[in-house]
Amino acid sequence: MAEDLQIVEGSRADKYQALIPQVAALIQGETDLYANLANIAAAIHEYFGFFWVGFYLNKQDQLVLGPFQGPVACTRIPYHKGVCGHAYRTQQSIIVPNVDEFPGHIACASASKSEIVLPVMDSAGEVLMVLDVDSDQLNDFSEIDREGLQAIIDLIEKNHTSWS
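What comes next is a walk through the structure.

**Describing the overall build of the protein chain**
1) Next: Helix and strand counts for the protein chain stand at four helices and six strands.
2) Next: Listing each helix as α and each strand as β along the protein chain from the N terminus yields α-α-β-β-β-α-β-β-β-α.
3) Next: Against the globule reference of 15 Å for 164 residues, the protein chain gives a C-alpha radius of gyration of 15 Å, in line with a compact fold.
4) Next: Judged by the C-alpha coordinates and their principal axes, the protein chain covers about 40 × 35 × 25 Å.
5) Next: Here the protein chain, with 164 residues, has 46% of them falling under the buried criterion.
6) Next: As presented, the protein chain carries roughly 8,000 Å² of accessible surface, and 48% of it is formed by carbon and sulfur atoms.
7) Next: Averaged over its 9 positive side-chain charges, the protein chain has a centre that lies 6 Å from the centre of its 22 negative ones.

**Structural notes on the packing of helix α2 (residues 33-48) against helix α4 (residues 143-159)**
1) Next: In the contact formed by α2 and α4, the axes pass within 12 Å of each other and the chain directions differ by 165°. Relative to α4, α2 is oriented roughly antiparallel. In the crossing of α2 with α4, the sense of the turn from one axis to the other is right-handed. Together, Leu37, Ile40 and Ile44 of α2 and Leu149, Ile152 and Ile156 of α4 make up the contact between the two elements.
2) Next: For the contact of α2 with α4, a count of residues per class yields six nonpolar, no polar and no charged.

**So, the pairing of strand β5 (residues 114-121)**
1) Next: Across the eight residues that make up β5, a large majority, eight, are buried.
2) Next: Going residue by residue along β5, you find Ser114, Ile116, Leu118 and Val120 tucked away on one face and Glu115, Val117, Pro119 and Met121 tucked away on the opposite face as well.
3) Next: Two elements, strand β4 (residues 94-96) and β5, share three bridges in a ladder whose sense is antiparallel. Residue pairing in the sheet places Ile94 in a bridge with Val117 of β5.
4) Next: As judged from the eight bridges shared by β5 and strand β6 (residues 127-135), these two strands associate in the antiparallel manner. Of the residues in β6, the one forming a bridge with Ser114 is Ser135.

**Quick word on the packing of helix α1 (residues 12-27) against α4**
1) Next: Across the interface, α1 lies against α4 with an axial gap of 9 Å and an inter-helix angle of 10°. Comparing the axis directions of α1 and α4 gives the class roughly parallel. Contacts between α1 and α4 pair Arg12, Ala13, Tyr16, Leu19, Ile20, Val23, Ala24 and Ile27 from the former with Ile144, Asp145, Gly148, Leu149, Ala151, Ile152, Leu155 and Asn159 from the latter.
2) Next: Each residue belonging to the contact of α1 with α4 can be placed in one class, and the counts come to twelve nonpolar, two polar and two charged.

**Looking at unusual backbone geometry**
The general pattern is negative phi for most residues beyond glycine and trans for most peptide bonds.
1) Next: One non-glycine residue with positive phi stands out, namely Gln60, at about 50°.
2) Next: With respect to the element layout, Gln60 can be found in the loop between β1 (52-59) and β2 (62-69).
3) Next: Located in the positive-phi region is Gln91, a residue other than glycine, with phi close to 60°.
4) Next: Within the element layout of this structure, Gln91 appears in the loop between α3 (82-90) and β4.
5) Next: According to the relative accessible area criterion, Gln91 is partly exposed, its value standing at 37%.

Basis of the calculations
Residues numbered from 1 in each chain as written. Predicted model: local features only at pLDDT ≥ 70, side-chain atom pairs only at ≥ 80, totals over all residues. Heavy atoms only, no water. Helix = DSSP H or I, 4+ residues; strand = E, 2+ residues; numbered from the N terminus. Rg over C-alpha atoms; globule rule 2.2 N^0.38 Å. Buried < 20%, exposed > 50% of the residue type's maximum accessible area, 1.4 Å probe, protein only. Areas by Shrake-Rupley, 256 points an atom, 1.4 Å probe, with all protein chains shown as cover. Lys, Arg positive; Asp, Glu negative; His and termini not counted. Charge placed at Lys NZ, Arg CZ, Asp CG, Glu CD. Axes fitted to C-alpha atoms, helices over the stretch in contact; angles between N-to-C directions. Parallel < 35°, antiparallel > 145°, perpendicular 65-115°, else oblique. Left-handed = near helix turned anticlockwise from the far one by under 90°. Contact = heavy atoms within 4.5 Å. Nonpolar A, V, L, I, M, F, W, Y, C, P; charged D, E, K, R; others polar. Pairing = 2+ DSSP bridges.

This is the structure in structure tokens:
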């Protein structure tokens, strides 16, 4: 696939429906983990204009910054801290309408107002990484985002074993 996204107008659900097959095409045939994660982060960021989109990988007993789009970010997150740590520990996605009200939130950027984080699991049920998406708007994420982003996570989980 050409590295151009066809951005559609419409509801957020419509946008996810159009983005998911484009992400599948972007990663088809590419075997490099970082290249795929970078393109996925860029596609989500470009498509929706979220403040920050990126991955934190499970490495060295913590979450370590991976490919992302947006301003500079926290490099390492302990498993017991922040929204990303919560998603890692619980192995479940989380939507935070107002990050200032989340106990232990890590403020990598003061402009971040709401957040959604989804874990990416391996076939043994262990967390490989988390997808972290921040918005500069309060209450910007809903179940539509959880479902749409989970469909992208499903693509990663299905294909990551062939990526190096």
